[in-house]
Amino acid sequence: FELVEPQAQTVFVAGTFNEWRPETAPLRRTSTGRWIGDLTITPGKHEYLFVVDGQWIPDPKATETVQNPFGGRNSVISVAA
């Protein structure tokens, strides 16, 4: 996962692959303001959001999104088997 958020203090990723628990998937900040992280995810489609300084936001680079029950959109990642 990757997100460009130079002003952020903390960035996590949460989704169906980690039971929406952001604390289990912190991203690392690079010197250029990119936040990156590698996760092992089971094959299939998974919904997710980034958590940037406590705010839940969709992935601006996601090619697929779905409506969520809170009036927003979740990003979708497809993992091949």
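Residues numbered from 1 in each chain as written. Predicted model: local features only at pLDDT ≥ 70, side-chain atom pairs only at ≥ 80, totals over all residues. Heavy atoms only, no water.

Mind showing me how you'd approach the overall build of the protein chain here?
Across its full length, the protein chain holds 0 helices and 8 strands. Traced from its N-terminal end to its C-terminal end, the protein chain shows the element sequence β-β-β-β-β-β-β-β. Dimensions of the protein chain, computed from C-alpha atoms along their principal axes, come out at roughly 30 × 30 × 25 Å. Going through the 81 residues of the protein chain one by one, you find that 31% of them count as buried. The contacts in the protein chain between residues at least 6 apart in sequence include a share of 61% that link residues at least 24 apart. Accessible surface for the protein chain amounts to roughly 5100 Å². Of this, 54% is attributable to carbon and sulfur atoms. Looking at charge distribution, the protein chain has the averaged site of its 7 positive side-chain charges lying 4 Å from that of its 9 negative ones. (Helix = DSSP H or I, 4+ residues; strand = E, 2+ residues; numbered from the N terminus. Buried < 20%, exposed > 50% of the residue type's maximum accessible area, 1.4 Å probe, protein only. Contact = heavy atoms within 4.5 Å. Areas by Shrake-Rupley, 256 points an atom, 1.4 Å probe, with all protein chains shown as cover. Lys, Arg positive; Asp, Glu negative; His and termini not counted. Charge placed at Lys NZ, Arg CZ, Asp CG, Glu CD.)

Before we go on, may I ask you to explain the pattern of salt bridges in this structure?
Two side chains bearing opposite charge may form a pair once their charged atoms approach each other closely. Within this structure, the stated rule accounts for 5 salt bridges. A salt bridge links R21 to E19; the nearest nitrogen and oxygen atoms lie 3.8 Å apart. On the accessibility criterion, R21 (40% relative accessible area) is partly exposed. With relative accessibility at 60%, the residue E19 sits in the exposed group. For R21, the salt bridge identified is with E23, shortest N-O distance 3.4 Å. Salt bridges linked by common partners bring E2, R34 and K61 together as one network. (Salt bridge = Lys/Arg side-chain N within 4 Å of Asp/Glu carboxyl O.)

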